[in-house]
Amino acid sequence: MNNVKILTVDIYHPEKQVDNSYYLKHFKSQGKDITDLLKAFGREKRYIIDNDYENTITMGVEVANKALKSVGLEGKDIDMVLFSSQFPEYTFPSQSLIVHNAINGKEDCMCMDTNTNCAGMLVTVEHTIRAMMGNPHVKRALVIGSDYTSIHCRNDDELTYPNFADGAAAIILEKTEGQGFIDSMCKSNGATWEAVKYPACGLSKVYKKDLSIRDRKLQWIPFEGLFIIDNAVTSIHTLLNRNNLKMEQIKSFCFSQYSRAFSNLGSEKLGVDINKFIYVGDVYGYTGTSSPFIAFHEGIKTGKIKRGDIVCLWSVAINWTICTMLIKY
């Protein structure tokens, strides 16, 4: 049976890097000390757009071109373009269609935008792989995850403003007869969906004149989210069992970079060395949909992830959907 492998992965972030000192001073002026909060999330630095010409789609185009160039491919070599974002620059037209045009894609190509919030790029990769395996006419797919998040956070919200950052990732998937995708699964429970909303007022109300900026920005009601790691652990054991694999065969874990605690708890509950967990949230901040693939890219760049390694990718979306995937890179 045909399999699908990750041919390449690349990342893009804006030039401006902001460290914790800015946010500590910013919230101190509001009478808030966020020192412990930043430590708990594992934040030190992050990349933030500070100009009028970059956004979700420009970052997506940049990273798509980087990924193609890295393996000597052109737009005409891509059969599917998928764009995952929770903060698209446009809903008309699709972000994927804009990328398709920017890379001079061919007409015989499917373009589609997706949104599963922070788990979006991983869910999109999972669905794309399964679609490719069932379609003999698709050889390669380009999947992009990009979020310009910082502009949508309220600057009085200590849970989002200092934690979220801007960035993008892209991977090229390719049909293969050899190693690649192993298995994946998703879990969902929407009982607490109202905790996080954007825009807070709902799109049908954004034109009302009596609304404040606060109503139009991202609403984030505090909640305890670390319980979600128990679902990640259950999913990983299920995938290992149904594919006759052992925990020690997983060489690296690329979890959501929302909080360092995800990796720490994952290590503890799985009984796995913390050094197998790749965490880059202290350098890139939390980039939303692209975060597990920015970690994956870092693993390849540093040599922690090598061809032939089994890697576990996991991410969670508000509030909540999770996706867990095993691949042999």
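Counting starts from 1 at the beginning of each chain's written sequence and moves along it residue by residue. With pLDDT at 70 or above as the cut-off, local features in this predicted model cover only qualifying residues; side-chain atom pairs require 80 or more to be listed or tallied, and sums for whole chains, interfaces and linings still use all residues. Side-chain numbers here rest on the full set of heavy atoms in the structure, without hydrogens or water.

**Comments concerning the side chain of N51**
Quick note on the threshold: By definition, any uninterrupted DSSP run of H or I lasting at least four residues is a helix, any uninterrupted run of E lasting at least two residues is a strand, and each is numbered from the N terminus. By the criterion applied in these results, polar contacts are pairs of N or O atoms within 3.5 Å in which, for protein atoms, one can donate a hydrogen and the other can accept it, and in which residues neighboring in sequence qualify only through two side-chain atoms.
Topologically, N51 is positioned in the loop between β3 (45-47) and α3 (56-70). There is a polar contact of 3.2 Å between the side chain of N51 and the backbone nitrogen of Y53.

**Quick look at the packing of α3 against helix α4 (residues 95-102)**
Geometrically, a packed helix pair is captured by the angle between its two axes and the distance between the axes. Defined as follows: Axes here refer to lines fitted to C-alpha atoms; in helices the fit is confined to the stretch in contact. Angles between the N-to-C directions go from 0 to 180 degrees. An angle counts as roughly parallel when it lies under 35 degrees, as roughly antiparallel when it exceeds 145, as roughly perpendicular when it falls between 65 and 115, and as oblique in every other case. By definition, any crossing whose near helix is turned counterclockwise from its far helix by less than a right angle is left-handed, and any crossing with a clockwise turn is right-handed. The criterion used for residue contact is that any of the two residues' heavy atoms lie within 4.5 Å.
Packing of α3 against α4 leaves a shortest axis separation of 10 Å and a crossing angle of 45 degrees. Relative to α4, α3 is oriented oblique. Pair α3 / α4 crosses with right-handed handedness. From α3, T56, I57, G60, V61 and A64 reach across to α4, where they touch Q95, I98, V99 and A102.

**A few points about the sheet that holds strand β7 (residues 167-176)**
For the record, the criterion: Only when DSSP finds a minimum of two bridges between them are two strands counted as paired.
Here we have five strands laid out as an open sheet, ordered β1-β7-β6-β4-β5, and mixed in their pairing. Strand pairing shows two members of the sheet lacking a second neighbour, β1 (3-12) and β5 (110-114), which therefore form its edges. Here the strands of the sheet are splayed against their neighbours by 15 degrees on average, with no regard to which way each runs. Packed onto the sheet, α4 meets β4 (80-84), β5 and β6 (140-147) and runs at close to 130 degrees relative to β4. Across the sheet, helix α5 (residues 120-133) is in contact with β1, β4, β5, β6 and β7; its angle to β7 comes to roughly 15 degrees.

**Digging into the sheet that holds strand β11 (residues 250-255)**
Strand order in the open sheet made by the four strands is β8-β13-β12-β11, with mixed pairing throughout. Looking at the sheet topology across the chains shown, the edges are occupied by β8 (181-188) and β11. Neighbour-to-neighbour, the strand axes of the sheet open up by a mean angle of 15 degrees, direction not taken into account. As judged from the five bridges shared by β11 and strand β12 (residues 310-317), these two strands associate in the parallel manner. Bridge pairing in β12 links F253 to C312. Across the sheet, helix α7 (residues 228-242) lies against β8, β11, β12 and β13 (321-328), angled at about 145 degrees from β8, the strand it touches most. Helix α8 (residues 260-270) contacts β11 and β12 of the sheet and is inclined by roughly 145 degrees relative to β11.

**Thoughts on the pairing of β7**
Put simply, side chains in a regular strand alternate between the two faces of the sheet. Worth spelling out the cut-off: Each residue's exposure class comes from its accessible area (1.4 Å probe, protein chains only) as a fraction of the maximum for that residue type: buried when under 20%, exposed when over 50%, partly exposed otherwise.
In terms of burial, β7 is largely enclosed, as 10 of its 10 residues are buried. Sheet topology note: the β1/β7 ladder contains nine bridges and is antiparallel. Along β7, the bridge assignment pairs T8 with I172.

**Here's the deal with the nonpolar core**
Here is the rule we go by: Buried Ala, Val, Leu, Ile, Met, Phe, Trp, Tyr and Cys residues that are joined via side-chain atoms within 4.5 Å together make up what is termed a nonpolar core.
Grouped together as the largest cluster of nonpolar side chains are 44 residues, with contacts concentrated most on I236, I250, F253, F255 and W314. Mapped by element, the contributors of at least two residues to this core are α1 (20-28), α2 (35-41), α7, β11, α8, β12 and β13. Among the elements that line this core, the one with the most residues is α7, at seven residues. Setting aside anything within four residues of it in sequence, one finds F253 in contact with I236, M247, L270, V272, K276, F277, I278 and C312. Listed in part, the 37 residues of the second largest apolar core include Y47, V125, I278 and C323.

**Observations concerning the pairing of β12**
Of all eight residues that make up β12, eight are buried, and the element is covered over most of its length. Side-chain alternation along β12 places I310, C312, W314 and V316 on one buried face and V311, L313, S315 and A317 on a second face that is also buried. Bridging between β12 and β13 involves eight bridges; their strand directions are antiparallel. In the sheet register, L313 faces β13, and the bridge partner there is M325. Following β12, the chain reverses through three residues before pairing antiparallel with β13.

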